[in-house]
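Structure assessment
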Amino acid sequence: MSSNVAHLIKVASNEISRSVNDFAAKYDLTGTQVQIIDFLTHIPENEETFQKDIESEFNIRRSTATNILKNMERIDLIKREPVETDSRLKKIVILPKAKNLQDKIDKFMKENDQKILSSLGTFERRGFLHALQKLPEKLKNN
């Protein structure tokens, strides 16, 4: 196997995506939709969430987020509601269909994280997670 870092990250990412997509397919969803449901259900109910929050959290472009959210809205996972202070701004509201999947999604995500991290010791896990959190920002600056 290659020792090229970008290649190794891509191979690992493909395996993770495949796993999430296989889980999501059981519910006629995509892996990205499952991850967005997971993100939205972990935001306190008193906080408003907007498309820009999704774009930032998943590091995706506006057009990509728009298409994903439109599809999620079409299948009744979310709805977008105008904000009183700015009618151009629409908050994302998670609907019962998506909320009802959260326990299964939580369980899957925890098991998937454990599977990914199981080959690392405690010290290695912390370093690995720290590096993964720093990596996108460091790559952006170059």
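Figured I'd write up the structure that's included with this text. Only a predicted model underlies this, so the values are computations on that prediction, with no experimental measurement involved. Per chain, the residues get numbers from 1 upward, laid out in the order the sequence is written. Given that the model is predicted, a residue must reach a pLDDT of at least 70 before its local features are reported, and side-chain atom pairs must reach 80 or more before they are shown or counted; all residues, however, enter totals for whole chains, interfaces and linings. To obtain the side-chain values, all non-hydrogen atoms of the structure were included, while hydrogens and water were left out.

Quick look at the nonpolar core
Spelled out, the test is: What makes a nonpolar core is a set of buried Ala, Val, Leu, Ile, Met, Phe, Trp, Tyr and Cys residues whose side-chain atoms join them at distances within 4.5 Å. To sort residues, take the accessible area from a 1.4 Å probe on protein chains only and compare it with the maximum for the residue type: under 20% means buried, over 50% means exposed, and anything in between is partly exposed. Comment: elements are numbered from the N terminus, with helices defined as DSSP H or I runs of at least four residues and strands as E runs of at least two. Two residues qualify as a contact provided that any one of their heavy atoms is within 4.5 Å of a heavy atom in the partner residue.
One finds Leu-29, Val-34, Ile-37, Leu-40, Ile-54, Met-72 and Ile-105 to be the most contacted residues of the largest nonpolar core, which totals 23 residues. Listing elements by their share of this core, those giving two or more residues are helix H1 (5–25), helix H2 (31–41), helix H4 (62–74), strand S2 (86–94) and helix H6 (102–117). Ignoring any residue separated from it by four or fewer positions in sequence, one finds Leu-29 in contact with Ala-24, Val-34, Ile-37, Ile-75, Leu-77 and Leu-101.

Topic: the pattern of salt bridges
Applicable threshold: The term salt bridge refers to a side-chain nitrogen of Lys or Arg lying within 4 Å of a carboxyl oxygen of Asp or Glu.
For the structure shown, the criterion picks out eight salt bridges. Two residues, Lys-79 and Glu-81, come together in a salt bridge whose shortest N-O distance is 2.9 Å. The class for Glu-81 is partly exposed, based on a relative accessible area of 24%. When the shortest N-O distance is used, the salt bridge between Glu-81 and Lys-91 registers 4.0 Å. Here Glu-81 is found in strand S1 (residues 78–83), whereas its partner Lys-91 is found in strand S2, with ten residues between them in sequence. For Lys-91, a relative accessible area of 23% corresponds to the partly exposed category. Counted as one network, the salt bridges with shared partners bring together Glu-48, Lys-79, Glu-81 and Lys-91.

Focus: the layout of surface pockets
One way to see where empty space is left: roll a probe the size of a water molecule over the atoms. Definition in use: Think of a 1 Å grid over the protein atoms and nothing else: a 1.4 Å probe that fits but is trapped marks a cavity, an open set flanked by protein within 12 Å on at least five of seven lines marks a pocket, and residues with an atom within 4 Å of a point count as lining. Grid points are joined across faces, edges and corners, and a volume is the space filled by probe spheres set on the points. Asp, Glu, Lys and Arg are counted as charged, while Ala, Val, Leu, Ile, Met, Phe, Trp, Tyr, Cys and Pro are counted as nonpolar; the rest, among them Gly, fall into the polar class.
Its boundaries defined by the atoms lining it, the largest pocket holds a volume of some 1700 Å³. In terms of lining, the largest pocket is formed by 30 residues, of which the most central are Ser-13, Ile-16, Gln-35, Ile-116 and Leu-132. Among the residues forming the lining of the largest pocket, the class breakdown is 17 nonpolar, nine polar and four charged. Its volume calculated, the second largest pocket comes out at about 340 Å³. Every residue lining the second largest pocket is counted, 14 residues in all, and those nearest its centre are Pro-44, Glu-45, Glu-47, Ile-92 and Ile-94. Elements with a contribution of two residues or more to the lining of the second largest pocket: H2 and S2. If you tally residues by element for the lining of the second largest pocket, the top one is S2, at four residues. Tallied by class, the residues present in the lining of the second largest pocket amount to six nonpolar, three polar and five charged.

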